[in-house]
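So you can see what is in the structure, the chains are spelled out below.
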Amino acid sequence: MKGIFISFEGIDGCGKSTQINLLAKYFAKQKKSFVKTEEPGGTEGANEIRKILLRENNFKWSVETEALLFMAARNDHVEKVIKPAIEDNKVVICDRFMDSTIVYQGMRSPQAKKLSLLLFDQMGINPDITFLIDMDPEIALDRALNRETDEDRFENYGIKFQRQLRKNFLDIAKKHSERIKIIDGNQSLQHVATQIMESIETLIK
Ligand SMILES: Nc1ncnc2c1ncn2[C@@H]1O[C@H](COP(=O)(O)OP(=O)(O)O)[C@@H](O)[C@H]1O
Ligand SMILES: [Mg+2]
(Lines give C-alpha, C1' and ligand atoms only; values in the text may rest on other atoms or scores of the structure.)
(Ligands and ions follow the chains in the order given, each with its own letter.)
Protein backbone atom coordinates (compact mmCIF):
# COMPACT_ATOMS: atom_id res chain seq x y z
CA MET A 1 0.00 0.00 0.00
CA LYS A 2 1.54 3.31 -1.00
CA GLY A 3 1.00 6.78 0.40
CA ILE A 4 -2.51 8.16 0.24
CA PHE A 5 -3.60 11.76 0.66
CA ILE A 6 -7.10 12.15 2.13
CA SER A 7 -8.74 15.52 2.80
CA PHE A 8 -11.96 16.39 4.61
CA GLU A 9 -14.12 19.34 3.69
CA GLY A 10 -17.43 20.82 4.71
CA ILE A 11 -18.95 23.65 6.70
CA ASP A 12 -18.12 24.15 10.38
CA GLY A 13 -19.78 21.62 12.63
CA CYS A 14 -20.43 19.05 9.89
CA GLY A 15 -18.28 16.47 11.67
CA LYS A 16 -14.84 16.63 10.02
CA SER A 17 -12.78 16.43 13.23
CA THR A 18 -14.99 13.68 14.60
CA GLN A 19 -14.60 11.57 11.46
CA ILE A 20 -10.88 12.25 11.19
CA ASN A 21 -10.40 10.92 14.71
CA LEU A 22 -12.39 7.78 13.88
CA LEU A 23 -10.40 7.27 10.68
CA ALA A 24 -7.12 7.70 12.56
CA LYS A 25 -8.21 4.93 14.95
CA TYR A 26 -9.07 2.74 11.96
CA PHE A 27 -5.59 3.15 10.45
CA ALA A 28 -3.93 2.67 13.85
CA LYS A 29 -5.80 -0.61 14.26
CA GLN A 30 -4.53 -1.73 10.84
CA LYS A 31 -1.00 -0.72 11.85
CA LYS A 32 -0.86 1.62 8.87
CA SER A 33 1.29 4.70 9.51
CA PHE A 34 -0.62 7.92 9.13
CA VAL A 35 -0.20 11.62 9.69
CA LYS A 36 -3.17 13.60 10.98
CA THR A 37 -2.95 17.25 10.08
CA GLU A 38 -5.03 20.35 9.42
CA GLU A 39 -5.27 23.59 7.48
CA PRO A 40 -4.66 26.38 7.87
CA GLY A 41 -1.75 25.09 9.92
CA GLY A 42 0.08 21.79 10.06
CA THR A 43 3.54 23.33 10.56
CA GLU A 44 4.93 25.89 13.00
CA GLY A 45 5.14 28.54 10.28
CA ALA A 46 1.70 27.79 8.90
CA ASN A 47 0.26 27.93 12.43
CA GLU A 48 1.62 31.43 12.85
CA ILE A 49 -0.16 32.45 9.65
CA ARG A 50 -3.32 30.67 10.87
CA LYS A 51 -3.29 32.66 14.12
CA ILE A 52 -3.22 35.95 12.25
CA LEU A 53 -5.82 34.86 9.70
CA LEU A 54 -8.38 33.69 12.25
CA ARG A 55 -8.01 36.72 14.51
CA GLU A 56 -10.70 39.40 14.58
CA ASN A 57 -8.31 42.28 13.84
CA ASN A 58 -6.37 40.97 10.87
CA PHE A 59 -5.11 44.21 9.35
CA LYS A 60 -8.12 44.48 7.00
CA TRP A 61 -6.42 42.59 4.22
CA SER A 62 -8.24 42.19 0.94
CA VAL A 63 -9.70 38.76 0.18
CA GLU A 64 -6.98 38.32 -2.44
CA THR A 65 -4.21 38.95 0.10
CA GLU A 66 -5.95 36.67 2.58
CA ALA A 67 -6.05 33.92 -0.06
CA LEU A 68 -2.33 34.34 -0.77
CA LEU A 69 -1.57 34.00 2.94
CA PHE A 70 -3.58 30.78 3.04
CA MET A 71 -1.55 29.61 0.04
CA ALA A 72 1.73 30.51 1.76
CA ALA A 73 0.67 28.48 4.79
CA ARG A 74 -0.33 25.62 2.48
CA ASN A 75 2.99 25.66 0.67
CA ASP A 76 4.88 25.30 3.95
CA HIS A 77 2.56 22.47 4.99
CA VAL A 78 2.88 20.65 1.64
CA GLU A 79 6.69 20.96 1.59
CA LYS A 80 7.36 20.00 5.18
CA VAL A 81 4.59 17.56 6.07
CA ILE A 82 2.35 16.30 3.26
CA LYS A 83 4.86 15.49 0.51
CA PRO A 84 7.43 13.87 2.83
CA ALA A 85 4.73 11.67 4.39
CA ILE A 86 3.36 10.54 1.02
CA GLU A 87 6.89 9.78 -0.20
CA ASP A 88 7.33 7.74 2.98
CA ASN A 89 4.21 5.68 2.03
CA LYS A 90 2.13 7.08 4.86
CA VAL A 91 -1.53 8.03 4.83
CA VAL A 92 -2.10 11.76 5.23
CA ILE A 93 -5.44 12.79 6.72
CA CYS A 94 -5.94 16.52 6.36
CA ASP A 95 -8.70 18.60 7.96
CA ARG A 96 -9.54 21.06 5.14
CA PHE A 97 -7.33 21.68 2.12
CA MET A 98 -7.50 23.54 -1.19
CA ASP A 99 -11.28 23.20 -1.64
CA SER A 100 -11.78 25.33 1.49
CA THR A 101 -9.75 28.16 -0.05
CA ILE A 102 -11.82 27.93 -3.24
CA VAL A 103 -15.02 28.05 -1.20
CA TYR A 104 -14.21 30.55 1.57
CA GLN A 105 -12.07 33.02 -0.36
CA GLY A 106 -13.25 32.20 -3.88
CA MET A 107 -16.85 32.82 -2.92
CA ARG A 108 -15.98 36.41 -2.03
CA SER A 109 -13.62 37.09 -4.91
CA PRO A 110 -13.14 35.42 -8.31
CA GLN A 111 -9.68 37.00 -8.40
CA ALA A 112 -8.72 35.34 -5.09
CA LYS A 113 -9.83 32.01 -6.56
CA LYS A 114 -7.82 32.59 -9.73
CA LEU A 115 -4.65 33.55 -7.85
CA SER A 116 -4.96 30.57 -5.50
CA LEU A 117 -5.51 28.10 -8.33
CA LEU A 118 -2.47 29.42 -10.21
CA LEU A 119 -0.27 28.81 -7.17
CA PHE A 120 -1.87 25.49 -6.34
CA ASP A 121 -1.25 24.21 -9.84
CA GLN A 122 2.48 24.69 -9.25
CA MET A 123 2.52 22.85 -5.92
CA GLY A 124 2.20 19.50 -7.66
CA ILE A 125 -0.12 17.81 -5.19
CA ASN A 126 -3.79 16.94 -4.94
CA PRO A 127 -5.69 14.68 -2.55
CA ASP A 128 -6.35 11.14 -3.81
CA ILE A 129 -9.76 11.38 -2.22
CA THR A 130 -11.72 14.17 -0.55
CA PHE A 131 -14.71 13.64 1.69
CA LEU A 132 -17.23 16.43 1.64
CA ILE A 133 -19.43 15.97 4.69
CA ASP A 134 -22.60 17.63 3.55
CA MET A 135 -25.33 18.62 5.95
CA ASP A 136 -28.09 20.97 6.94
CA PRO A 137 -26.33 24.24 7.91
CA GLU A 138 -28.75 24.89 10.79
CA ILE A 139 -27.79 21.68 12.52
CA ALA A 140 -24.09 22.14 11.67
CA LEU A 141 -24.06 25.71 12.99
CA ASP A 142 -25.74 24.64 16.23
CA ARG A 143 -23.09 21.98 16.62
CA ALA A 144 -20.26 24.43 15.83
CA LEU A 145 -21.50 27.14 18.20
CA ASN A 146 -21.79 24.62 21.02
CA ARG A 147 -18.08 23.94 20.86
CA GLU A 148 -15.58 25.98 22.85
CA THR A 149 -13.22 27.85 20.55
CA ASP A 150 -11.96 31.37 20.03
CA GLU A 151 -11.49 30.86 16.30
CA ASP A 152 -15.04 31.79 15.45
CA ARG A 153 -14.58 34.38 12.75
CA PHE A 154 -16.20 32.29 10.02
CA GLU A 155 -18.83 30.71 12.21
CA ASN A 156 -20.03 34.15 13.31
CA TYR A 157 -21.15 35.02 9.80
CA GLY A 158 -24.27 32.99 10.53
CA ILE A 159 -26.71 30.76 8.77
CA LYS A 160 -27.04 32.55 5.44
CA PHE A 161 -23.30 32.43 4.94
CA GLN A 162 -23.23 28.74 5.90
CA ARG A 163 -25.88 28.02 3.27
CA GLN A 164 -23.77 29.70 0.59
CA LEU A 165 -20.73 27.76 1.73
CA ARG A 166 -22.65 24.51 1.50
CA LYS A 167 -23.80 25.30 -2.02
CA ASN A 168 -20.28 26.18 -3.11
CA PHE A 169 -18.83 23.00 -1.64
CA LEU A 170 -21.48 20.98 -3.49
CA ASP A 171 -20.70 22.77 -6.76
CA ILE A 172 -16.99 21.93 -6.44
CA ALA A 173 -17.85 18.33 -5.60
CA LYS A 174 -19.94 18.03 -8.76
CA LYS A 175 -17.11 19.52 -10.80
CA HIS A 176 -14.55 17.09 -9.35
CA SER A 177 -16.70 14.04 -8.85
CA GLU A 178 -13.71 11.75 -9.59
CA ARG A 179 -11.97 13.00 -6.42
CA ILE A 180 -14.66 14.32 -4.08
CA LYS A 181 -17.10 11.99 -2.37
CA ILE A 182 -20.17 13.61 -0.88
CA ILE A 183 -21.15 12.01 2.43
CA ASP A 184 -24.46 12.78 4.10
CA GLY A 185 -23.46 14.21 7.49
CA ASN A 186 -26.97 14.02 8.93
CA GLN A 187 -26.48 10.33 9.60
CA SER A 188 -25.14 8.83 12.81
CA LEU A 189 -21.39 9.04 13.52
CA GLN A 190 -20.95 5.35 12.81
CA HIS A 191 -22.92 5.49 9.59
CA VAL A 192 -20.79 8.33 8.27
CA ALA A 193 -17.61 6.54 9.37
CA THR A 194 -18.59 3.30 7.64
CA GLN A 195 -19.16 5.08 4.33
CA ILE A 196 -15.80 6.82 4.57
CA MET A 197 -13.95 3.59 5.35
CA GLU A 198 -15.69 1.74 2.51
CA SER A 199 -14.63 4.43 0.05
CA ILE A 200 -11.04 4.25 1.25
CA GLU A 201 -11.01 0.47 0.93
CA THR A 202 -12.29 0.80 -2.63
CA LEU A 203 -9.59 3.38 -3.38
CA ILE A 204 -6.84 1.14 -2.01
CA LYS A 205 -8.03 -1.78 -4.21
N1 LIG B 1 -22.90 12.40 12.85
C2 LIG B 1 -23.02 13.17 13.96
N3 LIG B 1 -24.14 13.14 14.69
C4 LIG B 1 -24.28 13.91 15.79
N5 LIG B 1 -23.34 14.76 16.27
C6 LIG B 1 -22.19 14.83 15.60
C7 LIG B 1 -21.97 14.05 14.40
N8 LIG B 1 -20.73 14.35 13.93
C9 LIG B 1 -20.21 15.25 14.78
N10 LIG B 1 -21.07 15.55 15.78
C11 LIG B 1 -20.87 16.54 16.86
O12 LIG B 1 -20.98 17.82 16.27
C13 LIG B 1 -19.98 18.72 16.77
C14 LIG B 1 -19.15 19.24 15.63
O15 LIG B 1 -18.37 18.19 15.06
P16 LIG B 1 -16.87 18.40 14.59
O17 LIG B 1 -16.32 17.07 14.24
O18 LIG B 1 -16.13 19.23 15.56
O19 LIG B 1 -17.15 19.25 13.24
P20 LIG B 1 -16.12 20.05 12.34
O21 LIG B 1 -14.76 19.56 12.69
O22 LIG B 1 -16.53 19.71 10.94
O23 LIG B 1 -16.34 21.48 12.61
C24 LIG B 1 -19.18 17.93 17.81
O25 LIG B 1 -19.66 18.26 19.07
C26 LIG B 1 -19.47 16.48 17.44
O27 LIG B 1 -19.41 15.66 18.57
MG1 LIG C 1 -13.02 20.58 13.27
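Look a little higher up for the structure.
Now for a quick tour of the structure. (Residues numbered from 1 in each chain as written. Chains lettered and ligands numbered in written order. Predicted model: local features only at pLDDT ≥ 70, side-chain atom pairs only at ≥ 80, totals over all residues.)

Taken in spatial order, the five strands of this open sheet run S2-S3-S1-S4-S5, and their pairing is parallel. Two strands in the sheet have a free side with no partner beyond their single neighbour: strand S2 (34-38) and strand S5 (180-184). Across the sheet, the mean angle separating the axes of adjacent strands is 20 degrees when strand polarity is ignored. Pairing of strand S1 (residues 4-9) with strand S3 (residues 91-95), which is carried by five bridges, proceeds in the parallel orientation. Bridged to Ile 4 within S3 is Val 91. (Pairing = 2+ DSSP bridges. Helix = DSSP H or I, 4+ residues; strand = E, 2+ residues; numbered from the N terminus. Axes fitted to C-alpha atoms, helices over the stretch in contact; angles between N-to-C directions.)

Moving on: helix H2 (residues 44-53). Turning to H2, its buried residues are Ala 46, Ile 49 and Arg 50. Each buried residue of H2 sits inside an arc of 105 degrees when the element is viewed along its axis, so together they form one side. Summarising the contacts, the buried residues of H2 are in contact with helix H3 (63-87). (Buried ≥ 20, exposed ≤ 12 C-beta atoms within 10 Å, placed from the backbone. Arc of directions from axis to C-beta. Contact = placed C-beta atoms within 7 Å.)

Our focus in this paragraph is the nonpolar core. Judged by nonpolar contacts, the single largest core of 37 residues is most densely connected at Ile 6, Val 92, Ile 93, Leu 132, Ile 133 and Ile 196. Here Ile 6 is in contact with Val 91, Val 92, Ile 93, Cys 94, Pro 127, Asp 128 and Ile 129, once residues within four sequence places are set aside. Core analysis: the next-biggest nonpolar cluster, separate from the first, contains eight residues, Ile 49, Ala 67, Ala 73 and Ala 112 among them. (Core = buried A, V, L, I, M, F, W, Y, C linked by C-beta atoms within 7 Å.)

With that settled, consider the site of ligand 1. Near ligand 1 lie 14 residues; those nearest to it are Gly 15, Lys 16, Ser 17, Thr 18 and Arg 143. In terms of residues, the shell around ligand 1 owes the most to one element, helix H1 (residues 16-29), which gives three residues. (Near = placed C-beta within 6 Å.)

What follows concerns the packing of H3 against helix H5 (residues 110-123). Where H3 meets H5, the closest approach of the two axes is 8 Å, and the angle between their N-to-C directions is 15 degrees. Between H3 and H5, the interaxial angle falls into the category roughly parallel. In this structure, the crossing between H3 and H5 has a hand that is right-handed. Across the interface between the two elements, Val 63, Glu 64, Ala 67, Leu 68, Met 71, Asn 75 and Val 78 of H3 pack against Gln 111, Ala 112, Leu 115, Ser 116, Leu 119 and Met 123 of H5. (Parallel < 35°, antiparallel > 145°, perpendicular 65-115°, else oblique. Left-handed = near helix turned anticlockwise from the far one by under 90°.)

Turning our eyes to something else, we now look at the pairing of S3. The buried count for S3 comes to four of five residues, which makes it a mostly enclosed element. With five bridges connecting them, S2 and S3 associate as parallel partners. Residue pairing across strands places Glu 38 opposite Asp 95, the latter belonging to S3.

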